Amino acid sequence: MTETGWEERMNGLRQQLTSIKSRVHADSTRFKELWRQAEYCKVRFLAYQLEARRRSLARSRGFASLAENKRGLYVTLGTAVGASILTGMITKDGIAAANAGATGLNRALQGLGEADWAVCLGRKHLAVASQDNITRGDVWVTWDSLQTALHELEERAKSGASLGSLDNIISELKKSKKLLFVIRASTGRATK
Amino acid sequence: MDPISHEKKLEVARLYLLGDTHAEIEEKVGISHGSISNIIKELLVGKLTIPGVASDQVNDLHQLSVDLTKKGLEPSQALLGITMFERFSELGIVPFQLDQWSQLVKLYAPEDITAKDFFEAALNLRKLEEAEGKPFQEFKQEYTGMQQKVVEKKSEVDSLDVKKKSLTGEVESLKSEVSALENKREEVKSLFEAESAGLEQAKAMVTAAKEEHARLEGEIGDLLKQKDKLSSEVGSKEESLIKLEEIGLSEEDLLHLRNLVEGMAEKDNISADQIKDEFFSALGQFGTFSGLKKAAQEEAEALQDMAKKKASLVGEVVELENRRTVLQGEVGKSASAAAEQIREAGEEAVSAIRQEADAIREEMKSILEDTLVAGLAVGETGAMQKRGEEAGKELQELVVEVKRRLEERK
C-alpha cells in the first residue's frame, strides 16, 4: 500500500470512529432520558391509582351516608338537586339543566364522602380507607404524608435514581421520614 | 277533635314531597284523608312551609318523586343515574349519541381481546401520553427511530469488525515485509562479511606476494653474484683458451701438456695441482706481458654491462615495489569504501524501515485505542438501552401489580 493511500484510510477510519462516538453519545443520552422518565412514571402511576381509589371511595361513602340517613339527607339533597334542575329548566336547555343538577349533586356527594384518609402500603395489597375505618394488623400512613413522600420519590426519579419494582418503591416510601403512621387505638379510634 | 300538631303537618308535607299517595300518608301518619287534603292545600298555597323548600317548587318536587316511584327507582339509583349523566356530559356525550358510541365501540373493539383489556390498554396509553406529554404516534416514531439506529449501530460495529480484521491482515503483511527486510539485511551483512573475508584474503595474498618478491629479490641477488662469479670464471677460462689458441696450443697439445704435468708431478713427487699452479703462473706472467691491457679493458667493459644490468634490475624492482604499494592502497581503499557504503546503506535502510514500522505501529495503536473507546461507548449505549427496556418492563409490571393489589383489597 502506498503511503498516501495508507494515510487516507487511516483518516477515514478516524473520522468514522469520531462520528460513531458522537452518535453513540447522543443515543446514550436519549436512552438515559427515557429510562429516567420511565422511573418517574412509576411513581406517578402509583399516585394516580391511589387518588382514583380515594375518589371512588369518597363517592361510595357519599352514597352510603345518603342511604343510612334516608329521611334527613334525602330532603336536603333532593332540595339541592331539585333547585338546580329547576334553575336549569329556566334556561330551556335540557342538557344544561341536567348538568347543573348533576354538578350540584356531585359536589354534595363529595362533601359527604370526604374524610381524613389513610393508605395501607402492604406487600400483598394496597388499600385506601378513611382513618376511622382502618383495619387492624396492617400498617397505615396518612394520605397527606404519603403525598409528600411520593413527591420526594418523584424528585429522586427525575434526578436519575433507579426505583425498581413496586416492592422496592414501597420499601423506599417506608424509609421516608415524612411519613406519619396511623395507629388504631384499642378504643377503635385512630391516632397519629 | 284535637288540632293536628305542626310536626305532624311537616311529616305529611315531607311524605307528599316524597311522592306518597293520600292513602299511604294516611296509613303512615294515622290521620284522616280530609285532614291530609287540607294540609296539602296549606302547603300548596304557602300557608305551610318546609324549611329550605320554596312553596312554588313543591309541586315540581312532588311530581319528581311520583315519577321516580312510577319508574321503581330508589333516590340513590336516581342519583347514580344523574352521576352517569354528568360523566357523559363531561365527555361531551349527549343521550342520542350513546347508540352511536355503542356501535363505535363494537366497530373498533378488536375481536381477539376482551372489552376490559381493550379499555385498560387504551387507558394505559392515555396515561402514558399524559405523563410524557407526547402523542402515541411520537412514541411509535421514537421507537422506530431507535430500532433503526440499533440496526445502524450493529451494521457499523460489523463494518468496524471487518475493518479491524482487514487492518490486522495488513499489519501481518507489514510484519512479513519487515521480516523480509530483516532477512535482506542479514543477507547484506553476510555479503559484507564475505567481502571482508575476501579483503583479508587479498591482504594475505599481497603479503605473500611481498614475501615472494623479497625472496625473488634475494634469489636475483644470489643469481647476480653467481653470474658474476661464473662470468669471471668463464672469462678467465676463455681468456686462457684464447691465449692458448693465440700461442698455438691445441687440445692435443693440452693433453700432452697434461701428461707432461702428470709426468712431472710423478717425477718431482709433487702433486699435479702444484705443477699446474706453477705452470699457469708462468703462463700468466707470459700473458701479462703480451695482452694484459686488452684483457683489463674487456674486463672493465663487462663490469660496466653488469652494473647497467644490475641498475636496470634494481629500477624494475623499485617500480614493482611502488606498483605493489599503489595496488595495495587501491585495493584497501576500494574495499573499505565499498564496505562503508554497504554498511551505511544497510543502516539507513534498517533505520528507515524501523521508523516506518514504528510510525505504523503508533498509528495502529492509536486507532485500536479509538476503536476500543468506540466499542466501549457502544457497549454502554447497549447497556443503557437494556436498562431502559428493563425500566419499561418494570413499569408494565408495576401497573399490573398496583391494580392487582388495589383490586385484592376491594
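Secondary structure summary: chain A contains five helices and five strands in total. Counting from the amino terminus, chain A carries its helices and strands in the arrangement α-α-α-β-β-β-α-α-β-β. Across the 192 residues in chain A, those meeting the buried criterion constitute 30%. Intrachain contacts of chain A at a sequence separation of at least 6 include 61% that bridge at least 24 residues.

In this section: the overall build of chain B. From N to C terminus, chain B includes eleven helices and zero strands. Scanning chain B from its N terminus toward the C terminus, one meets helices and strands in the order α-α-α-α-α-α-α-α-α-α-α. A burial count over chain B gives 7% of its 410 residues as buried. Once local pairs closer than 6 in sequence are excluded, the contacts in chain B between residues at least 24 apart make up 61%.

Examined against the element boundaries, B:Met306 turns out to sit in helix H11 (residues 292-409). For B:Met306 and B:Ser231, which are 75 residues apart along the polypeptide, the C-alpha to C-alpha distance reads 9.9 Å.

Turning our attention to the nonpolar core. In terms of nonpolar packing, the biggest core is built from 36 residues, with A:Val43, A:Ala118, A:Val119, A:Val141 and B:Val402 touching the most fellow members. If you list the elements that add at least two residues to this core, you get helix H1 (3-68), strand E1 (117-121), strand E2 (126-130), strand E3 (140-142), helix H4 (143-158) and helix H5 (166-175) of chain A together with H11 of chain B. Tallying contributions element by element places H1(A) first for this core, with ten residues. Beyond its immediate stretch of four places on either side in the chain, A:Val141 contacts A:Ala118, A:Val119, A:Leu121, A:Leu146, A:Leu179, A:Leu180, A:Phe181 and A:Val182. Counting residues in hydrophobic clusters, the runner-up holds eleven residues, among them B:Ala13, B:Tyr16, B:Leu18 and B:Leu61.

Another aspect to go through is the interface of chain B and chain A. If you look at the interface, chain B gives 49 residues, while chain A gives 50 residues. Considering every element that reaches the side of chain B that touches chain A, the biggest residue donor is H11(B), with 27 residues. Residues that form the side of chain B that touches chain A fall into these classes: 21 nonpolar, ten polar and 18 charged.

All names here are of chain A. On average, chain A scores 77 in pLDDT, and the residues at 70 or more come to 69%. When pLDDT is averaged over each element of chain A, H4 comes out on top at 92 and strand E5 (residues 190-191) at the bottom at 46. Within the model, the stretch residues 186-192 combines pLDDT values under 50 with twelve contacts to residues more than four positions away or in other chains.

All names here are of chain A. For E2, a buried count of four out of five residues is recorded, marking the element as mostly surrounded by other parts of the structure. In this structure, E1 lies alongside E2, joined through five bridges in antiparallel fashion. In the strand pairing of E2, Leu121 is matched with Leu126. Connecting E1 to the next strand, E2, in antiparallel fashion are four residues.

All names here are of chain B. Running from N to C, helix H1 (residues 6-17) and helix H2 (residues 22-29) cross one another at 140°; their axes reach a closest spacing of 10 Å. Comparing their axes, H2 and H1 come out oblique. Seen from above, H1 lies across H2 with right-handed handedness. Together, Lys8, Glu11, Val12, Leu15 and Tyr16 of H1 and Ile25, Lys28 and Val29 of H2 make up the contact between the two elements.

So, about the environment of B:Met384. Relative to the elements of secondary structure, B:Met384 occurs in helix H11. For B:Met384, a count of 19 C-beta atoms within 10 Å gives the class partly exposed. Excluding its chain neighbours within four sequence positions, the residues that come into contact with B:Met384 are A:Ser28, A:Phe31, A:Lys32 and A:Trp35.

Residues and elements named next belong to chain B. Here helix H3 (residues 33-45) contains 13 residues, and its C-alpha end-to-end distance of 19 Å stays within 8% of the 18 Å for a straight helix at 1.5 Å per residue. Inspection of H3 places Ile36, Ile39 and Leu43 among the buried residues, and these make up the whole buried set. All buried residues of H3 lie within an arc of 65° about the axis, which places them on one face of the element. What points out from H3, more than 90 degrees from its buried face, is the exposed set Gly34, Ser37, Lys41 and Val45.

Regions with low pLDDT carry predicted coordinates that are not meant to be interpreted in detail. Mean pLDDT for chain B: 80, with 92% of residues reaching 70 or above. Note on the complex model: pTM 0.40, ipTM 0.76.

Before going further, it helps to examine the pairing of E1(A). Residues and elements named next belong to chain A. Where burial is concerned, most of E1 is hidden: four out of the five residues are buried. In the sheet, E1 pairs with E3 via three bridges, with the strands oriented antiparallel. Paired with Ala118 across the strands is Thr142, a residue of E3.

Rules and cut-offs
- Residues numbered from 1 in each chain as written.
- Chains lettered and ligands numbered in written order.
- Predicted model: local features only at pLDDT ≥ 70, side-chain atom pairs only at ≥ 80, totals over all residues.
- Helix = DSSP H or I, 4+ residues; strand = E, 2+ residues; numbered from the N terminus.
- Buried ≥ 20, exposed ≤ 12 C-beta atoms within 10 Å, placed from the backbone.
- Contact = placed C-beta atoms within 7 Å.
- Core = buried A, V, L, I, M, F, W, Y, C linked by C-beta atoms within 7 Å.
- Nonpolar A, V, L, I, M, F, W, Y, C, P; charged D, E, K, R; others polar.
- pLDDT = per-residue confidence, 0-100.
- Pairing = 2+ DSSP bridges.
- Axes fitted to C-alpha atoms, helices over the stretch in contact; angles between N-to-C directions.
- Parallel < 35°, antiparallel > 145°, perpendicular 65-115°, else oblique.
- Left-handed = near helix turned anticlockwise from the far one by under 90°.
- Expected span 1.5 Å × (residues − 1).
- Arc of directions from axis to C-beta.

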